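Reading the structure
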Amino acid sequence: IGTEQRRSESEEEKKARLQKMSDAVRTLLECIGEDPDREGLLKTPERYAKALMFFTKGYEESMNEVINDALFDEDHEEMVIVRDINIFSLCEHHLVPFCGKVSIGYIPNRRVLGLSKLARIAEMFSRRLQVQERLTKQIAVALNEILQAQGVAVVMEASHQCMVMRGVQKPGSKTITSFMLGRFRSDPKTREEFLSLVR
């Protein structure tokens, strides 16, 4: 429901949303003991509201817009991989960033997708409040639904600021998640080939 509202709202509604968010940020600043009227913070509520809307712009995007007719019939049935796609997201538990790289592979079933669209799919899902496990799965499932591929594989490695800046405070730690479908799940040799190519 919230996603539909964001996608269909008028300019006036967008301004009202930003004002509501700015007011909330001002309250947060007061609650942590800051003075939102001091020079350095005067425009911070509005800046942060706009930044948060950008960080979560994936809610305003649809798969049809992202794909934009970049599906092609092609007599190709070997592995296609786009590696080391940078992703930036917000952890839904603490609203702090996690960032890293995702590698996406698929085995076509006589249909291929424009290569840049793999990165755009990752971008769309990462620009939402996320957990890494779900983000990895969403990318794989969406790609599989679009292509009806023989197999889809996604591996993501990311650093979570909720582990670095707070909690256990362990800089340098990385979280790796994977999600496999089709031949990548059922055939160990295919899975190992993919994993060796993205290492």
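Refer to the structure above for everything that follows.
About the thresholds
- Residues numbered from 1 in each chain as written.
- Predicted model: local features only at pLDDT ≥ 70, side-chain atom pairs only at ≥ 80, totals over all residues.
- Heavy atoms only, no water.
- Buried < 20%, exposed > 50% of the residue type's maximum accessible area, 1.4 Å probe, protein only.
- Helix = DSSP H or I, 4+ residues; strand = E, 2+ residues; numbered from the N terminus.
- Pairing = 2+ DSSP bridges.
- Phe/Tyr/Trp six-rings, centres within 6.5 Å; stacked < 30°, edge-to-face > 60°.
- Axes fitted to C-alpha atoms, helices over the stretch in contact; angles between N-to-C directions.
- Parallel < 35°, antiparallel > 145°, perpendicular 65-115°, else oblique.
- Left-handed = near helix turned anticlockwise from the far one by under 90°.
- Contact = heavy atoms within 4.5 Å.
- Expected span 1.5 Å × (residues − 1).
- Arc of directions from axis to C-beta.
- Patch = residues over 30% accessible without salt bridge, like charges linked within 9 Å, V, L, I, M, F, W, Y side chains within 5 Å.
- Areas by Shrake-Rupley, 256 points an atom, 1.4 Å probe, with all protein chains shown as cover.
- Salt bridge = Lys/Arg side-chain N within 4 Å of Asp/Glu carboxyl O.
- Nonpolar A, V, L, I, M, F, W, Y, C, P; charged D, E, K, R; others polar.

**Here we look at the pairing of strand S6 (residues 151-160)**
Counting buried positions along S6 yields nine of ten residues, so the element is predominantly enclosed. As paired elements, strand S3 (residues 97-107) and S6 share ten bridges and run antiparallel to each other. Within S6, the residue paired with Lys101 across the bridge is Glu157. Bridge count for S6 against strand S7 (residues 175-182) is eight bridges, and the pairing is antiparallel. Residue Val155 lies in a different strand from S7, and its bridge partner there is Ser178.

**Examining the packing of aromatic side chains**
Two descriptors summarise a pair of aromatic rings, namely the distance from one centre to the other and the angle between the planes of the rings. Enumeration according to the criterion identifies one aromatic pair in this entry. Pairing Phe184 with Phe194 gives two aromatic rings, centres 5.5 Å apart and planes at 70 degrees, and the pair type is edge-to-face. In this pair, Phe184 sits in helix H8 (residues 183-186) while Phe194 sits in helix H9 (residues 188-198), placing the two residues ten residues apart along the sequence. Like Phe184, the residue Phe194 is buried in the burial classification.

**Quick word on the packing of helix H5 (residues 115-126) against helix H6 (residues 132-147)**
When two helices pack together, you describe them by how their axes are tilted relative to each other and by the distance separating the axes. Closest axis-to-axis distance for the H5/H6 pair is 10 Å, and the angle between their directions is 135 degrees. As judged from the angle between their axes, H5 and H6 are oblique. In terms of crossing hand, the pair formed by H5 and H6 is right-handed. Residue-level inspection shows Leu118, Ile121, Ala122, Phe125 and Ser126 of H5 in contact with H6, the latter providing Leu135, Gln138, Ile139, Ala142, Leu143 and Ile146.

**What about helix H3 (residues 44-55)?**
Between its terminal C-alpha atoms H3 stretches 16 Å, which fits the 16 Å expected from twelve residues at 1.5 Å a residue. By the burial criterion, the buried members of H3 are Pro45, Ala49, Leu52 and Met53. Each buried residue of H3 sits inside an arc of 100 degrees when the element is viewed along its axis, so together they form one side.

**Some thoughts on helix H2 (residues 11-31)**
Counted at 1.5 Å a residue, the expected span for H2 with its 21 residues is 30 Å, and the 30 Å between its end C-alpha atoms agrees. All of the buried residues in H2 are Met21, Ser22, Val25 and Leu29. Buried residues of H2, viewed axially, fall in a sector of 105 degrees; they line one side. Facing away from the buried side of H2, by more than 90 degrees, are the exposed residues Glu12, Lys20 and Cys31. Where H2 is buried, its residues contact H3. Two residues or fewer after H2 comes Gly33, characterised by a positive phi angle close to 100 degrees.

**Some details on a nonpolar patch on the surface**
A contiguous nonpolar surface patch, about 270 Å² in accessible area, is contributed by Tyr48, Phe54 and Phe55. Along the chain, the position of Phe54 falls in helix H3.

**Observations concerning the sheet that holds S7**
With mixed pairing, five strands are arranged side by side in an open sheet as S5-S2-S3-S6-S7. What marks the edges here is a single partner per strand, and that holds for strand S5 (129-130) and S7. One ladder, built from two bridges, connects strand S2 (residues 80-91) with S5; its direction is parallel. In the strand pairing of S5, Leu90 is matched with Leu129.

**A closer look at the packing of H2 against H3**
The contact between H2 and H3 brings their axes to 8 Å, and the two run at 120 degrees. As judged from the angle between their axes, H2 and H3 are oblique. As for the relative orientation of H2 and H3, their crossing is right-handed in sense. Across from Arg17, Leu18, Met21, Ser22, Val25, Arg26 and Leu29 in H2, the residues of H3 making contact are Thr44, Pro45, Glu46, Tyr48, Ala49, Lys50, Leu52 and Met53. Here the residues of the contact of H2 with H3 sort into nine nonpolar, two polar and four charged.

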